[in-house]
Structures are given as C-alpha cells and as structure tokens.
Number of protein chains: 2
Amino acid sequence: MQAEIIIIGDEILNGTTLDTNSQFIARALEALNIEVVRRSTVKDRKEAILQGLYEAEQRAQIIITTGGLGPTKDDITKKTIAEYLNEELVMNQDVLAHVEGFFSRRKVPILEVNRLQALVPASSEVLHNDLGTAPGTWTEKNNKVFVSMPGVPYEMRHIVEERMIPKLKERMDGHHIVHRYLHTVGVGESSLAAKIAHVEDALPDYIRLAYLPNPASVKLRLTGAGENEEELLKEVMSFEHQIKDLLGEVIFGFGEDTLSSAIGKLLLEKNASVGTAESCTSGYIGQLITQTPGSSGYYSGSVVAYSYDLKEKLLGVKHDTLTKHGAVSEETIKEMAVGGIKHLDTDYVIATSGIAGPGGGMDGKPVGTVWIAVASKDRVVAQRFQFGKDRLRNIHRSGVMGLDMLRRLILNLPIKIELKS
Amino acid sequence: MQAEIIIIGDEILNGTTLDTNSQFIARALEALNIEVVRRSTVKDRKEAILQGLYEAEQRAQIIITTGGLGPTKDDITKKTIAEYLNEELVMNQDVLAHVEGFFSRRKVPILEVNRLQALVPASSEVLHNDLGTAPGTWTEKNNKVFVSMPGVPYEMRHIVEERMIPKLKERMDGHHIVHRYLHTVGVGESSLAAKIAHVEDALPDYIRLAYLPNPASVKLRLTGAGENEEELLKEVMSFEHQIKDLLGEVIFGFGEDTLSSAIGKLLLEKNASVGTAESCTSGYIGQLITQTPGSSGYYSGSVVAYSYDLKEKLLGVKHDTLTKHGAVSEETIKEMAVGGIKHLDTDYVIATSGIAGPGGGMDGKPVGTVWIAVASKDRVVAQRFQFGKDRLRNIHRSGVMGLDMLRRLILNLPIKIELKS
C-alpha cells in the first residue's frame, strides 16, 4: 500500500511553524509497511487543496491530510475536502455532544463556530479527537482512503495512534508487522553495514533492515511482514541475535532504549550515582542524562566550569596544571573528572573540555578538539576527539561519546573508541 | 514572484530524518517577499524527481531542490535534474579544485566518486559550497530559475545565505525589500496584536507586519517592498518606532538579537559576570547563555544541583530550609540564587527549581510549578510560574523566563512578569 501526506496551512508553507506532523505520520505508516510516496504542503486555499488531493489520488491508495480544521479558520479545508469527495457536510451528534461537553466542562460559552466543528462529510467515519474539538475523519471512495485530521500536533498524534493505526491494521487484516530495534554507538552506517553484510544478504524479502543514523549513533530496525505473527517474530529475532553477536559491544540497547536510559539502568543496577564536570559542553551531558524519567534516582548534578577560577574552585583543578597544559589537555580533563568525584560526591563522573567553535582554535588544538574523561572512585580514563567545525554538532557528539565512555567504564569494556564513519 | 521547494530523499520522506531545510528556505524566501506556493518531498528516484520538477514548474517561477547530491548516492538527482533541464553534465574546474583541496587538506585519499561531484549542468552557474564538496547550482530556463543544493543542513544554509539570496536580490533589481525585527518576551501574539492594532491598521499595503511566535517569545517582522530603498527604510522605521513605544519593556532587542545575546551585551557593558544555579532546568540556562559566541567573556559557569546534598554542598542552601519548605519553594530558590553568587563568585545568578514533569507533581505543587530567582550582589527576586505538562517545553519556558528576569534585574525594570497569551 502507498500513502501520501498533505499538510494544509500557510503558516507551515511560509516557514512560520516547523512541520513535525508529516515526519510523525510517515514514521507511523512506515512501521505498518505502508510506503509514503510523496509529502506536500499546500496553501489554505480551495484550489490548492483540490489540486493536492487530485495529484495524491493519482499516486496513492491512502491520502492523509492535516490542518485547516480549527474554529477560527474559514472552514475552507473541510468544505473543500467534502466537495472533492462529493459529500454533503452533516452534523454528527456524537461530535456535537463532545464539543458542547468540552466547553461546558471549561465553563466557557460555546460559539456557533465551535458547534460547526461537528460537521463531517456524510459518509465519513469519525476519528474521535479526545484532546480537542476538531474531529478526524476517515472516508473511503473508489477503494481509496481519505483521512483528515486537525493540525495541532498532540491532537493529530492522538488520532493517528488511537484511531487511524488500528483502522489501517484492520484493513490489512491477517497481515502482521513486527519490529525489533538494536541501538549502536560510535560506529557509522557504512562500517556497521560491512560487518553485518552477510546477515543482510541472507534476509528473506519479507524482512527488511533499516539504518536510522544520528550523529555518533545508529539505530538498526528489523521489520518483518507476514501472516503468522509468532513464526515471523521468531524469525526476525533470530536475525536480531546474529546481528547482536556480530556487533557486540557497540550495541548499547534494544527496543525503546536510549543511551541515556541504558546508562540509567546500569547505574540503578549498581546502585551508583553519576555527575558531570563540563566545560565545552556547558551542561549538555547533564541534560542528556536527565532526559530519562527517574534520573533523579542516580543523577546528582553537574558543575559547568568555563573559567580557570571555577575549574579550580569547584573542581579542585590545580592552578599549575591549567597554566602549564591549558584547559584543553589530558592533564586538566583528568583532574576535572577526579575532582568531580570528590566535589559532586558521586560514584562516576563524565568530564569534558574542548573547543566547540566556531572560534577559539589554537595551534595544535583546532576547533573541534575535545578531551573527555570518565572517572570512578578508583579509575580515570581520558580520550581526545577531533570533531568538526559545527558548534552544536560538536557539543552533541561530545555528549554521546561521554555517555558511551561511561557505559564502557561501568561494563569494564575497552574505552578507547575509534570513531568510524 | 512565486517559488516551490522540493526536498529529495527517501530518508526525509519516510520520516527517518526531520526536514528542517524547507522551513529555512521558506523563511528566507518570505523575507524577500517571494511567496512559497507549494513544498514537496519526493523519492530519490528518477520518475519522482521529474514529476516533482514538472508540477512545480507549472505553478512557480523559482524551483528550489535540496538533497540527493552526496558522493555515496547513485547520482540520480544530479543526472535527473540535468535531463529535465536538457543539459549535459560537464566537469567544473573550480569545483574540482575545491573538492581536491578539501581531501588533500584532510590528508584523505580522494575517490573517483568524489571527483564526480564537480560535474554540473553545462549552462548552470555554480553556487559555491565552502563547507562541503557538493556544489549548488543556479540554472535559468524559459524565464524560470532552478536552484539545486545539497541536503546537509549547514551546507544548504550557507549556500542559501551566501549565494542564492544575493542572486535573487539581483534578479529583483530596482525592487527593494527592507526588514526590521523587534523581539519581545513574555507576552503572547494576541496580546501584542491588541496593543499595536492601530499601528497595524495604518500600515500601507506595501508594508506588512508578521508575528513569528516561539514558546514565551514572539518576533515581530516589518517588511517593506518598493522602489526607493531609502524612503522605504525611513517609513518602515517610523512604524518600528511606534511599535517600540507602544510595547516598551517587553521588547528585548532588534535585528539579529537573541535574548541570550541581548543579555550578553548588557553584561559586557557593565563588565559583569553571570552564572546559573539550576535544578529542574538541569543546565539548560547555561546552554542558552553559551549559545552566544564570546559568552566566555561574561559567563562563569553553572552548578546543577539535583539532590538536597548538592544544593547544600555546592550552593550553601541550609538543610533546614530544604526539609521545612522543600526544594520547590521561594525560600530554597532564594538561597540557591544567593549561594550561587558566592560559590560561583559572579555578579549575577539565575536559579531554578521546579517540577518539569512528566512525573513528580505534589499536592499544591503540580507538574509545571517552577520557581525562578535572579540575584545580584545586593538583591534577590523570586517568582513562581505555573507552566504545563510537557517536560521539554517547561524547561524551555523556564529558561526564557529566567533570562528575562535577569534582563529586568540588570535594567532595573519591574520583575514580576505576568505571562499572557
């Protein structure tokens, strides 16, 4: 099955608002093995919407639109979609009751424009919107499916997950999709692909492997499609095990794991705590750690020490070390990490010092030079990285590498990581 | 003039990667008064690219594509665009020299696929890519302009800003566009609109006002279009002054200012330093401050103290205060701010403590409760905010409000900010 996504709205088209809806919908469809063949953003105008729908219908069996359904808009979208589908708009009593309840619970007087939100194309099925007043709709015409949803991201997500996906699954009845995820860090897509080439070659045509890369980490996704869910899962998992065996320690997690949550689990198992002593990443690693709910159970805190003074005062780095070797050096980073253990009173510390850019490069220490150290109460390991020129990217990669070094320290794995593309 | 943007790439289409390029390009075009009439994302396949180009040419005079130009791809995009334009691909010697230099400087052996990046359509003008090896191109056919750029965001942005915009401006010769930006914080779009309604109503049709909202801040943009640049600028600036007078202290800056850079300027003027003492924002405010190049001139560092222990040890919060009032309280936040001044040895401190969510709400302190304090050597002011349930949004809004409270403290403005939508 093939799908197209049409985002309706001038504020998306002219860049006022960043469109995240089409990515969300595309991912949801891909997980069902439905191919997205085109995504478009069109103006809030009748002609543009009609043209978008027409073009999409030439290419796809599922046409999904978001946007243009708010009460303050001129209702162009709903009327236009109904016109395209050759449908009357009729008042849906369930939706009307929901809208009226929505206002009465909030003790806000309801306006006529709000009641009109309960109008839907006559033959459409309503995709109820528990989180707002604009209903989604599902309409089948000429063996094609037209889904219309509001553009507010959290309402749209709710309708996709709770209403649209179950209906699509129903439509694919007897057809099952299973996914398995493996998360890797520190090795690029092409090196991973080389290592597991013969597994990939051995995949039957109903099991696919996708590489989903981020800076410094790559997620692998195995997707199987078939009739017998149990058999399928068994088969997909056997490939998962083969990949796991081949990639070994570069895999930090499975399923919903993130590097941050994987480290959280390790720390909770050991009943150990972590803190950070950061310079060039200015708190980013603390941010990554605290993105995992429950991180207050093992994260103590961070010191961000930009100046020599604070490196000395808050982390106990020796003045001599700083003047002799500079802030971006093996000697300083080790003292920051060891000092962090003491001053943050924690079991593990990640420390960073580098030149994130865009300025600040020096002879022998160009922009992108970053020293990272990890320490426990009895060990400290430091490593120098050479990243690129982009400040935010350098900070991000430093963060990921710092977390991976901590993972390796906790697991007693070798720590010198060679970054491979 | 009207434009269309075509993003080429399966990884965008299927949602693996979030598309931020089309927003960036749309904003750049809108700033030139060029209307974007459609944005599309198409597959990395010949037929899809040809169809996308054909459809776009029916509607627009400027057709901009990004993506599909990397050395590891099958070169489908470049060949297909050349085919569509009915052009041969020829080796451009300037680009070739640039690519070869790129590899030799990095001491990496160059491959044939890399050299092939210097192939461009025969009649195209090269839009040089200083940051990578895939050149942009500008081709004029039948009075239409076709721009092709690599999809790597920072390379694309560089080509847009340094190459494409100047050429578009040239093309619009005699026709001038002037912009003025006013940056506001703490007041929502509708309240701003109400305050300046009569200025907006008085704008002639060649001057437009746009509201560009972010969480907790709104950028106002005045755009004037006309023949006489000097007259136009004078007129736009007179409206800018009227808006400035009406909005007063909620305006923190103009032009390219950000809240972070505006505070940086104030601190540099006073030769003063700032640090942060963060709990619920876990270093985010330090991150915001250090996003301004040169921030090491006034930013000392941060303490992120999650635990009671670290709040006591690193910031000198009294144990009694924590046990009696809790971490999320006026008493604690004030001690954190004052303690930060002492322990970070800095002139100003921003402190935060709250419940960012999703969990952790308490009786009387629901998720979204955040205390923020700002302190100087002789003053401390605290304020309680009630944000929503979204963790990342709460952290962001806390950061913006913290920076604004600091701005108000430095400028001796009233600090109690009422958030208005």
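Counting starts from 1 at the beginning of each chain's written sequence and moves along it residue by residue. Whichever chain is written first becomes A and whichever ligand is written first becomes 1, with later ones labelled in order. Selection of residues for local features in this predicted model requires a pLDDT of at least 70, selection of side-chain atom pairs for listing and counting requires 80 or more, and totals for whole chains, interfaces and linings are taken over all residues. The basis for every side-chain value is the complete set of non-hydrogen atoms in the structure, without hydrogens or water.

1. A word on the interface of chain B and chain A
Just so we agree on the cut-off: In what follows, a contact means two residues having at least one pair of non-hydrogen atoms within 4.5 Å. The term buried area means the drop in 1.4 Å probe accessible area that two parts suffer when joined, counted for both and summed. In the sections that follow, a salt bridge refers to a side-chain nitrogen of Lys or Arg positioned within 4 Å of a carboxyl oxygen of Asp or Glu. Any pair of nitrogen or oxygen atoms within 3.5 Å is treated as a polar contact; in protein, a donor-acceptor pairing is required on top of that, and neighbouring residues in sequence qualify only through side-chain atoms on both sides. Helix and strand labels come from DSSP, where a helix needs a run of H or I of at least four residues and a strand needs a run of E of at least two; each type is numbered from the N terminus. Two strands pair under a simple rule: DSSP has to find at least two bridges between them.
Across the boundary between the two partners, chain B contributes 56 residues, which contact 55 residues of chain A. Summing the contributions of chain B and of chain A, the shared interface buries around 4600 Å²; its carbon and sulfur component is 49%. Three residues stand out in chain B for area buried against chain A, namely R38, R39 and Y306 of chain B, and they jointly supply 13% of the buried area on that side. Along the contact surface separating chain B from chain A lie 6 salt bridges. Linking chain B to chain A there are 37 residue pairs in polar contact (both at pLDDT 80 or more). At 8 residues, the largest contribution of residues to the side of chain B that touches chain A is made by strand β2 (residues 35-42) of chain B. In the sheet, strand β14 (residues 299-305) of chain A pairs with strand β14 (residues 299-305) of chain B via 5 bridges, with the strands oriented antiparallel. Note that in β14 of chain B the partner of G301 of chain A across the bridge is A305 of chain B.

2. Considering the environment of I285 of chain B
All names here are of chain B. Within the secondary structure, I285 is located in helix α12 (residues 284-290). For I285 and G360, which are 75 residues apart along the polypeptide, the C-alpha to C-alpha distance reads 21 Å. Not counting chain neighbours up to four residues away, the residues in contact with I285 comprise T276, E278, I350, T352, S398, G399 and L403.

3. So, a nonpolar patch on the surface
Under the convention used in this document: The residues that make up patches have over 30% relative accessible area and no salt bridge, and they are joined within 9 Å when like-charged or within 5 Å when they are Val, Leu, Ile, Met, Phe, Trp or Tyr. Accessible surface area values rest on a Shrake-Rupley calculation with a 1.4 Å probe, where residue burial reflects the displayed protein chains alone.
The grouping of L131, V152 and Y154 of chain A at the surface amounts to a nonpolar patch, some 270 Å² of accessible area in total. As for its position among the elements, Y154 of chain A is in helix α7 (residues 153-171).

4. What about the sheet that holds strand β12 (residues 251-254) of chain B?
Residues and elements named next belong to chain B. Heads up, the condition is: Lines fitted to the C-alpha atoms define the axes, with helices restricted to the stretch that makes contact. Angles between their N-to-C directions range from 0 to 180 degrees.
Reading across from one edge, β10-β11-β9-β12 is the order of the 4 strands in this open sheet, with antiparallel pairing throughout. The outermost strands of the open sheet, each flanked by one partner alone, are β10 (207-214) and β12. Strand-to-strand, the axes of this sheet are offset by a mean angle of 20°, without reference to chain direction. Strand direction decides the pairing type here: β10 and strand β11 (residues 217-226), joined by 8 bridges, are antiparallel. Looking at the pairing, R208 lines up with T223 of β11. Relative to the sheet, helix α10 (residues 229-247) contacts β9 (176-185), β10, β11 and β12, its axis offset from that of β9 by approximately 15°. Its contacts with the sheet put helix α16 (residues 391-410) on β9 and β12, and the angle it makes with β9 is roughly 90°.

5. So, the packing of helix α3 (residues 46-59) of chain B against helix α4 (residues 76-85) of chain B
All names here are of chain B. The condition is simple: Convention used here: angles under 35 degrees read as roughly parallel, angles over 145 as roughly antiparallel, angles from 65 to 115 as roughly perpendicular, and any remaining angle as oblique. Note: crossing handedness is left-handed where the near helix turns anticlockwise from the far helix by less than a right angle, and right-handed where it turns clockwise.
As a packed pair, α3 and α4 sit with axes 9 Å apart at the nearest point and diverge in direction by 45°. Judged by the angle between their axes, α3 and α4 are oblique. Of the two elements, α3 crosses α4, and the hand of that crossing is right-handed. Listed contacts from α4 to K46, I49, L50, L53, Y54 and E57 of α3 are I76, T77, T80, I81, E83 and Y84.

6. Quick notes on the confidence of the model for chain A
The condition is simple: A score between 0 and 100, pLDDT records how confident the predictor is in each residue.
With 98% of its residues at a pLDDT of 70 or more, chain A shows a mean pLDDT of 92. Interface confidence for the predicted complex, expressed as ipTM, amounts to 0.74; the pTM equals 0.78.

7. Some thoughts on the domain arrangement of chain A
Residues and elements named next belong to chain A. Operational definition: For each domain, the first and last residues come from an automatic or database assignment. Think of it as three bins: nonpolar holds Ala, Val, Leu, Ile, Met, Phe, Trp, Tyr, Cys and Pro, charged holds Asp, Glu, Lys and Arg, and polar takes everything else, Gly as well.
When cut into domains, chain A gives domain 1 (2-171), domain 2 (176-254) and domain 3 (259-411). A straight line from the C-alpha centre of domain 2 to that of domain 3 covers 31 Å. Buried area between domain 2 and domain 3, both sides added, is near 780 Å², and the carbon and sulfur share of it is 63%. There are 1 salt bridge connecting domain 2 and domain 3. Among the salt bridges present, the one from R408 reaches E249, with a minimum N-O distance of 2.8 Å. Each residue belonging to the side of domain 2 that touches domain 3 can be placed in one class, and the counts come to 6 nonpolar, 1 polar and 1 charged.

8. With respect to the relation of the copies chain B and chain A
The operation relating the two chain copies consists of a rotation about an axis and a shift along that axis. Filter applied, for reference: To superpose the copies, least squares is applied to the C-alpha atoms of every residue with a pLDDT of at least 70 in both.
For the match of chain B to chain A, the screw axis carries a shift of 1.2 Å, the RMSD comes to 1.6 Å, and the turn is 180°. Both chain copies can therefore be described as sitting about a two-fold axis. With an isologous cut-off of 70% or more, the 96% of interface residues of chain B that recur at the interface of chain A puts this contact in the isologous class.

9. Describing the packing of aromatic side chains
Note the following rule: For Phe, Tyr and Trp, rings pair up if their centres lie within 6.5 Å, where Trp contributes its six-membered ring, and each pair is then called stacked (planes under 30 degrees apart), edge-to-face (over 60) or tilted (otherwise). Partly exposed describes any residue whose relative accessible area lies between the buried limit of under 20% and the exposed limit of over 50%, with all areas from a 1.4 Å probe on protein chains only and scaled to the type maximum.
Under the definition given, this model contains 6 aromatic pairs over all chains. Ring geometry for Y299 of chain A versus Y306 of chain B: centroids 4.9 Å apart, planes at 80°, classification edge-to-face. Linking Y299 of chain A in strand β14 with Y306 of chain B in the loop between β14 and α13 (308-315), this pair reaches from one chain into another. The pair formed by Y299 of chain A and Y306 of chain B is uniform in burial state, with each residue classed as buried.

10. Some remarks on unusual backbone geometry
Residues and elements named next belong to chain B. The backbone phi angle of S282 is positive, close to 35°, even though this residue is not glycine. A positive phi angle, near 60°, is found at N412, a position not held by glycine. Examined against the element boundaries, N412 turns out to sit in the segment after α16. N412 sits in the exposed class, given a relative accessible area of 63%.

11. Thoughts on the packing of helix α11 (residues 259-270) of chain B against α16 of chain B
Residues and elements named next belong to chain B. Viewed as axis vectors pointing N to C, α11 and α16 meet at an angle of 30°, and their least axial separation amounts to 10 Å. It follows that α11 is roughly parallel to α16 by the angle criterion. Considering the relative orientation of α11 and α16, their crossing is left-handed. Between α11 and α16, the contacting residues are L259, S260, I263, L266, L267 and K270 on the first element and V400, L403, D404, L406, R407 and I410 on the second.

12. Focus: the side chain of S329 of chain A
Assignment of secondary structure puts S329 of chain A in the loop between α14 (319-325) and α15 (330-343). S329 of chain A sits in the buried class, given a relative accessible area of 6%.

13. Considerations on the pattern of salt bridges
One side chain can pair with another of opposite charge once the charged atoms of both are near each other. The final tally for this structure, using the stated rule, is 45 salt bridges over all chains. Here K265 of chain A and D257 of chain A are joined by a salt bridge, their closest N and O atoms 2.8 Å apart. For K265 of chain A, a relative accessible area of 45% translates into the label partly exposed. Two residues, E140 of chain B and R171 of chain B, come together in a salt bridge whose shortest N-O distance is 3.2 Å. One end of the pair, E140 of chain B, is in strand β7 (residues 136-141); the other, R171 of chain B, is in helix α7 (residues 153-171), and 31 residues separate them in sequence. Look at E140 of chain B and you get partly exposed, because its relative accessible area is 43%. Using a relative accessible area of 28% as the deciding quantity, one classes R171 of chain B as partly exposed.

14. Considering the pairing of strand β11 (residues 217-226) of chain A
The buried fraction of β11 of chain A amounts to 9 of the 10 residues, a majority that puts the element mostly inside the structure. Counting the residues that bridge the hairpin from strand β10 (residues 207-214) of chain A to β11 of chain A gives 2 residues, and of these A216 of chain A lies at a positive phi of roughly 75°.

15. Observations concerning α7 of chain A
All names here are of chain A. Selection rule: A helix is expected to reach a length of 1.5 Å times the quantity of its residues less one. Note on bend: at a given residue it equals the angle between the axes fitted to the 7 residues ending there and to the 7 starting there.
With 19 residues, α7 extends 25 Å between its outermost C-alpha atoms, agreeing within 8% with the 27 Å of an ideal straight helix rising 1.5 Å per residue. The largest bend in α7 comes to about 40°, at V160. Within α7, burial applies to E155, M156, H158, I159, V160, M164, I165, K167 and L168. The inward-facing, buried residues of α7 contact α2 (21-31), β3 (62-66), β6 (125-127), β7 (136-141) and β8 (144-149).

16. Focus: the sheet that holds strand β16 (residues 369-376) of chain A
One open sheet holds the 10 strands; their spatial order is β17(A)-β16(A)-β15(A)-β13(A)-β14(A)-β14(B)-β13(B)-β15(B)-β16(B)-β17(B), and the pairing between them is mixed. Of all the strands in the sheet, just β17 (379-386) of chain A together with β17 (379-386) of chain B have a single pairing partner and so form its edges. Ignoring strand direction, the axes of neighbouring strands in this sheet form an average angle of 10°. As defined by bridge partners, β16 of chain A adjoins β17 of chain A across 8 bridges and the pair is classed as antiparallel. Residue pairing in the sheet places S376 of chain A in a bridge with R379 of chain A of β17 of chain A. Against the sheet, helix α16 (residues 391-411) of chain A makes contact with β13 (274-278), β15 (348-354), β16 and β17 of chain A, and its axis sits at roughly 30° relative to β16 of chain A, the strand it touches most.

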